[in-house]
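Survey of secondary and tertiary structure
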Amino acid sequence: MGRKVENLATRFDRLVDRTGEHHLWLGSRNSDRGTGRIKVGNTVATAHRVAWELAHGPLSPKQRVVTCPLSPACVRIDHLSVEGAPADSPPSRGRARKGAGSMRIVRPGTWELRVTIGRWDDGRPRSLTRTITAKSESAAAALLGEFVDEMTGSHLPETQDLRDLTVDQAVDRFLDEYLAVEKGRAEKTINDYRYIHERWFSPTIGAQQVKRIESATMDRLFGTMRRAGLSASRLNQAKSLYAPFFRWAKRRGMTTRNPMAEFQLPTSTYRSEERTPPEVEELSILLSTAVEVTPDIAPLLVLGAVTGIRRGELVAIPVSAVAWRKNQITIASAVTSSGKIKTTKTRRSRTFHIDSETTAMLKRHYNQMKEGAAAAGVELAADSFLFSLTQDCSTPMPPDYLTKRVAVLKGYLGIEDKDPDVVVLEDEALRLRRSTPPARPAGKTGPLPGGGLSYREIGAALGRSERWASLAVAAAERREHSQTSGHGDLDFDGSILALRKFTSSELLDAGFNVSVVAQRQGHGPQVLTRHYSKSRASSDKRAAEHLGRVVHGKGQ
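Quantities reported herein were computed from a predicted structural model and do not represent experimental measurements.

1. Observations regarding the overall build of the protein chain
Looking only at helices and strands, the protein chain features 20 helices and 14 strands. For the protein chain, the proportion of contacts with a sequence separation of at least 24, taken over those separated by at least 6, is 58%. Entry remark: accessible area of the protein chain is about 30,900 Å², with carbon and sulfur atoms responsible for 51%.

Right under this line is the structure:
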């Protein structure tokens, strides 16, 4: 391994004897004058000048450090003095105060300012730049003076590597080192932030240095998100990433200013088309269809409907969490999309009752698990999971698998939440698949073509992949089946979150205490009333009938 390179200050101090009145230089000396010498970068500087600059900052070329009159090898600061043009002398054309900064015109009205303060670890001058707009040279010089004052009182980076980090590199550090380790943020939150950066910001500013990002650039990128129709919550999520990111970057010297300091979110053009929670009749159709189409997740959906448990919590339930005789279940953990087991969203466990029929269903499911393991010649794990894809049930079912199976169920029922353009494209893929097959070339043997075009040909015709074509045809066939099976007029959300909303709405409509419902759901009453008490058509009708009886005096 190579020898660790010392920074200039450490290397300098190692060569100074500070035990006496004079701080004597122990390194190389000028044989004629007796003054010390030290290599700084690719040049050799006098030790007394380096001592002064380490203590007070860089000097202009016209300034000279006068050695100690009693000992030329002394580098004690209060034994040294400076002669020459002072650092705060009036700037010459195109220059700021000597030894402080300079400016150059980039194009009419735009100037690049440069300030030099101290030195990097390798001894080279530490320069910082900023691009500004100014109508005249005098206005630019005034801004340069402000820049010098600002940098003099700012926390500056210790190394050039830190100063020159790109936005992509800095965001990775911010997410992995600061939010994940220091702040302990949930993995899902980190992944959501990473997706937003990679999708909306990295293509434009990812390769740029953090210090180069300006407020106008961030405004423009947020405007792009707005024009794309993203919701206010997604815009707020992006702001929640970059506002603390730039504060963090400024504290560490990656940038000298925060482009999000006075940022205002643009108004979102998104209009929510959120569906209300399913009615009891719609839920019955969903669950009964699941038994036929996706039997592997049917018990999960039933449990979700009667408890309102979150997706990650549903798949993380161990068998030991079910108190069979008491008809109780304990929720103490959740599974992330990457398969990691963590605490619940509120970092607290909760125990609540379930009905006896649901307990019996879970017991039957558990017995089927044991029978399946025995048939495979294995035993269930010591604390097996209630829902698993492994024979011994030692690992929980991946949350993404549950989501994909629910998507199959929703497609079968014709309630997929898809963009209309995607639906049109999938229907076209099905039409191409069913078109008249081409005539077989003369002399060619083998089975007849299964459709008008192969999946590869369909993908090429629609500008998509072969796999997309096969999935698109299957999705279009499911929608077609839903129309012929009587499910074509269904319009409700069949997601796991919809089951959670169904539970909350049903209990609230039935008059149960808000605190009781919130405790079962695993959050506070305020969150419950804000997010999960969506009005359903049946509730609205009951409200209308009640008001009618009161106003018209019926039933009194």
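2. Some points on the pattern of salt bridges
This structure, assessed with the given rule, holds 15 salt bridges. Across the pair D192 and K188 runs a salt bridge whose closest N-O atoms are separated by 2.9 Å. On the criterion of helical spacing, the pair formed by D192 and K188 is a turn pair, its members being 4 residues apart in helix α6 (residues 187–205). For D192, a relative accessible area of 25% corresponds to the partly exposed category. Where D400 meets R311, a salt bridge forms, and the shortest distance between an N and an O atom there is 3.5 Å. Taken together, the residues D400 in helix α13 (residues 399–413) and R311 in helix α11 (residues 311–314) connect sequence positions 89 residues apart. For D400, a relative accessible area of 34% gives the class partly exposed. Residue classification places R311 among the partly exposed positions, given a relative accessible area of 25%. What you see here is one network of salt bridges that share partners, running through E21, R76 and D78.

3. Re the environment of D400
When the C-alpha atoms of D400 and R311 are compared, they prove to be 9.4 Å apart, with 89 residues separating the residues in sequence. Contacts of D400, omitting those with residues within four sequence positions, involve R311 and S337.

4. Describing the sheet that holds strand β10 (residues 322–323)
What the 3 strands build is an open sheet, ordered β10-β11-β14; its pairing is antiparallel. Two strands in the sheet have a free side with no partner beyond their single neighbour: β10 and β14 (350–353). Across 4 bridges, strand β11 (residues 328–331) lies against β14 in antiparallel orientation. Across the sheet, T330 pairs through a bridge with T351, a residue of β14.

5. Digging into the confidence of the model for the protein chain
Averaged over the protein chain, the pLDDT score is 82; the fraction of residues at 70 or greater is 84%. Overall, residues 1–5 carries pLDDT values under 50, and its contacts beyond four positions in sequence, including any with other chains, amount to 0 contacts. Below a pLDDT of 50 lies the segment residues 87–99, which in the model reaches 26 contacts outside its immediate sequence neighbourhood of four places, other chains included.

6. Here's the deal with the environment of E177
Tracing the backbone through its elements, the reader meets E177 in helix α5 (residues 167–182). Overall, the relative accessible area of 44% leaves E177 in the partly exposed class. What E177 contacts, discounting residues up to four positions off in sequence, is D172 and E182.

7. So, helix α10 (residues 298–307)
With 8 of 10 residues buried, α10 is to be regarded as a mostly interior element. For α10, every residue scored as buried is listed here: A298, P299, L300, L301, L303, G304, A305 and T307. The positive-phi residue at the C-terminal boundary of α10 is G308, with phi of around 75°.

8. Re the packing of aromatic side chains
The final tally for this structure, using the stated rule, is 12 aromatic pairs. With a centroid separation of 6.4 Å and an interplanar angle of 90°, the aromatic rings of Y242 and F245 are classed as edge-to-face. Taken together, the residues span about one helical turn, with Y242 and F245 both in helix α8 (residues 232–251) at a distance of 3 residues. Judged by relative accessible area, which is 0%, Y242 ranks as buried. According to the relative accessible area criterion, F245 is buried, its value standing at 0%. An aromatic cluster is built from F174, Y178, F201, F222, Y242, F245, F246, W248 and F263, whose rings are joined through pairwise contacts.

9. Some remarks on the nonpolar core
Counting residues in each nonpolar core, the largest one holds 42 residues, and the members touching the most others are L300, L301, I317, I329 and L402. Counting only elements with at least two residues in this core, the list comes to α9 (280–293), α10, β11, α12 (356–375), α13 and α17 (496–509). Setting aside its immediate chain neighbours within four residues, L402 contacts I297, L300, R311, V315, M397 and I496. Counting residues in each nonpolar core, the second largest holds 32 residues, with L175, I190, F245 and W248 among its members.

10. Structural notes on the packing of α9 against α17
Remark: α9 packs on α17, axes separated minimally by 12 Å, with the N-to-C direction vectors making an angle of 145°. As for how α9 packs across α17, the hand of that crossing is left-handed. Here V280, L283 and L286 of α9 lie close against α17, whose contacting residues are L499, F502 and E506. Each residue belonging to the contact of α9 with α17 can be placed in one class, and the counts come to 5 nonpolar, no polar and 1 charged.

What counts as what
- Residue positions within a chain follow its written sequence, with the count starting from 1.
- Local features in a predicted model are, by the rule used here, given only for residues with pLDDT of at least 70; side-chain atom pairs are given and counted only at 80 or more, and totals for whole chains, interfaces and linings are based on all residues.
- Side-chain measures were taken over the full set of non-hydrogen atoms in the model, leaving aside hydrogen atoms and water.
- For the purposes of this entry, the term helix denotes a DSSP run of H or I that reaches at least four residues, the term strand denotes a run of E that reaches at least two, and both are numbered from the N terminus.
- Between two residues, a contact is recorded if the distance between any of their heavy atoms is within 4.5 Å.
- Using a 1.4 Å probe, accessible areas were evaluated by the Shrake-Rupley method; residue-level cover was limited to the displayed protein chains.
- Think of a salt bridge as a Lys or Arg side-chain nitrogen and an Asp or Glu carboxyl oxygen that are within 4 Å of each other.
- Per-residue accessibility, obtained with a 1.4 Å probe over protein chains only, is compared with the maximum for each type, and a residue is labelled buried under 20%, exposed over 50%, and partly exposed between these values.
- A pair of strands is considered paired only if DSSP assigns at least 2 bridges between the two.
- pLDDT runs from 0 to 100 and stands for how confident the predictor is about each residue.
- Ring pairs shown here join Phe, Tyr and Trp side chains whose ring centres sit within 6.5 Å, with only the six-membered ring taken for Trp; geometry is labelled stacked below 30 degrees between planes, edge-to-face above 60, and tilted in between.
- Residues grouped as a nonpolar core are buried Ala, Val, Leu, Ile, Met, Phe, Trp, Tyr and Cys residues, joined through side-chain atoms within 4.5 Å.
- Comment: axis = line fitted to C-alpha atoms, over the contacting stretch for helices; angle = value between 0 and 180 degrees taken between N-to-C directions.
- Note on convention: the crossing is left-handed when the near helix lies turned anticlockwise from the far helix by less than a right angle, right-handed when the turn is clockwise.
- Here the term charged refers only to Asp, Glu, Lys and Arg, the term nonpolar to Ala, Val, Leu, Ile, Met, Phe, Trp, Tyr, Cys and Pro, and the term polar to all other amino acids, Gly among them.

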